[in-house]
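Structural characterization, general
Each chain is listed here by its residues.
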Amino acid sequence: SAVISQKPSRDICQRGTSLTIQCQVDSQVTMMFWYRQQPGQSLTLIATANQGSEATYESGFVIDKFPISRPNLTFSTLTVSNMSPEDSSIYLCSARGRGQRGEKLFFGSGTQLSVL
Amino acid sequence: SQKIEQNSEALNIQEGKTATLTCNYTNYSPAYLQWYRQDPGRGPVFLLLIRENEKEKRKERLKVTFDTTLKQSLFHITASQPADSATYLCAAGQNGNEKLTFGTGTRLTIIP
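An account of the accompanying structure is given in this report. (Residues numbered from 1 in each chain as written. Chains lettered and ligands numbered in written order. Predicted model: local features only at pLDDT ≥ 70, side-chain atom pairs only at ≥ 80, totals over all residues. Heavy atoms only, no water.)

Here the focus is the overall build of chain B. Assigned secondary structure in chain B consists of 0 helices and 11 strands. Listed N to C, the secondary structure of chain B is β-β-β-β-β-β-β-β-β-β-β in terms of helices and strands. In terms of principal-axis extent, the alpha carbons of chain B reach across some 40 × 30 × 20 Å. In chain B, which comprises 112 residues, the proportion classed as buried is 46%. The contacts in chain B between residues at least 6 apart in sequence include a share of 56% that link residues at least 24 apart. Total accessible area computed for chain B in this model is approximately 5,700 Å², and 45% of it derives from carbon and sulfur atoms. Charge separation in chain B, taken as the distance between the mean sites of 14 positive and 11 negative side-chain charges, equals 0 Å. (Helix = DSSP H or I, 4+ residues; strand = E, 2+ residues; numbered from the N terminus. Buried < 20%, exposed > 50% of the residue type's maximum accessible area, 1.4 Å probe, protein only. Contact = heavy atoms within 4.5 Å. Areas by Shrake-Rupley, 256 points an atom, 1.4 Å probe, with all protein chains shown as cover. Lys, Arg positive; Asp, Glu negative; His and termini not counted. Charge placed at Lys NZ, Arg CZ, Asp CG, Glu CD.)

With that out of the way, let us pick up the state of the cysteines. One way to say it: the disulfide is the covalent bond shared by the sulfur atoms of two cysteines. Residues and elements named next belong to chain B. Enumeration according to the criterion identifies 2 disulfides over all chains in this entry. Linked covalently through their sulfurs, Cys23 and Cys90 form a disulfide whose S-S length is 2.0 Å. Torsion about the S-S bond of the Cys23 and Cys90 cystine: about -65°, corresponding to left-handed handedness. One end of the pair, Cys23, is in strand E3 (residues 19-26); the other, Cys90, is in strand E9 (residues 86-94), with 67 residues separating them in the sequence. Each of the two residues, Cys23 as well as Cys90, counts as buried. (Disulfide = S-S within 2.5 Å.)

All names here are of chain A. If you walk across this open sheet you meet the 4 strands as E1-E3-E8-E7, and the pairing is antiparallel. Among the strands making up the open sheet, the edge pair consists of strand E1 (4-7) and strand E7 (68-72). When the angles between neighbouring strand axes are averaged without regard to direction, this sheet yields 15°. Sheet analysis places E7 next to strand E8 (residues 75-80), joined by 3 bridges and oriented antiparallel. The residue bridging Ser69 from the neighbouring strand is Thr77, located in E8. (Pairing = 2+ DSSP bridges. Axes fitted to C-alpha atoms, helices over the stretch in contact; angles between N-to-C directions.)

Residue and element names in this part refer to chain B. Pairing in this open sheet of 5 strands is antiparallel, and the strands run E1-E3-E8-E7-E6 from one edge to the other. With one partner strand each, in any of the chains shown, strand E1 (3-5) and strand E6 (56-59) form the two edges of the open sheet. Ignoring strand direction, the axes of neighbouring strands in this sheet form an average angle of 15°.

The description of two aromatic rings rests on the distance between their centres and on the angle between their planes. Residue and element names in this part refer to chain B. Counted by the stated rule, this structure contains 12 aromatic pairs over all chains. Each ring, one from Tyr36 and one from Phe102, has its centre 5.6 Å from the other, and the planes form 55°; the classification is tilted. Of the two residues, Tyr36 sits in strand E4 (residues 32-38) while Phe102 sits in strand E10 (residues 97-102), which places them 66 residues apart along the sequence. On the accessibility criterion, Tyr36 (0% relative accessible area) is buried. (Phe/Tyr/Trp six-rings, centres within 6.5 Å; stacked < 30°, edge-to-face > 60°.)

Right, here's the structure in full:
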């Protein structure tokens, strides 16, 4: 199975600053995604990270607020820009494997973000 | 809009009994359903996948059913153990669409 390393695991940030979260997968995967998980709520898809091109954002999420990069098949970053307390949440990187592993998602351990 | 609902926010089960978790979907015809386990401070971990043409799937003490008439999946843990305590997430997907829609999860506690 794919192993996903995500960092930082947690951070406390000041309002108005930005945080970049890194995600590294140990094997080639087809798709990479970024999710947000707020307390008591389901995982909400922010965007699909596309290799070498702009990410595909879900309704309610925009590139200016959540710029995403994916320079190669196994690495992606999510930046939470100009943060406000409403951005406090867990951010999760995930990936789909290849072949028979293709339908299930592998997840990183998440980044617990608190914005003061 | 598509909705995946897990009826119980929290469920307490006596050790050794069977835990049954429910996942219902509306405005949706998923090609498959998946179940994940999430422990505190960790990302979800895949457990089982069941397709719309499958009635039941088993893996060790886990069993999943998929009823397209009731628009429901049931997730069973038999001979439950305190180590099974976690949040369990249901997710639905379509063939040819890479995205999954997740339910809010059920927090399961197995009481010794």
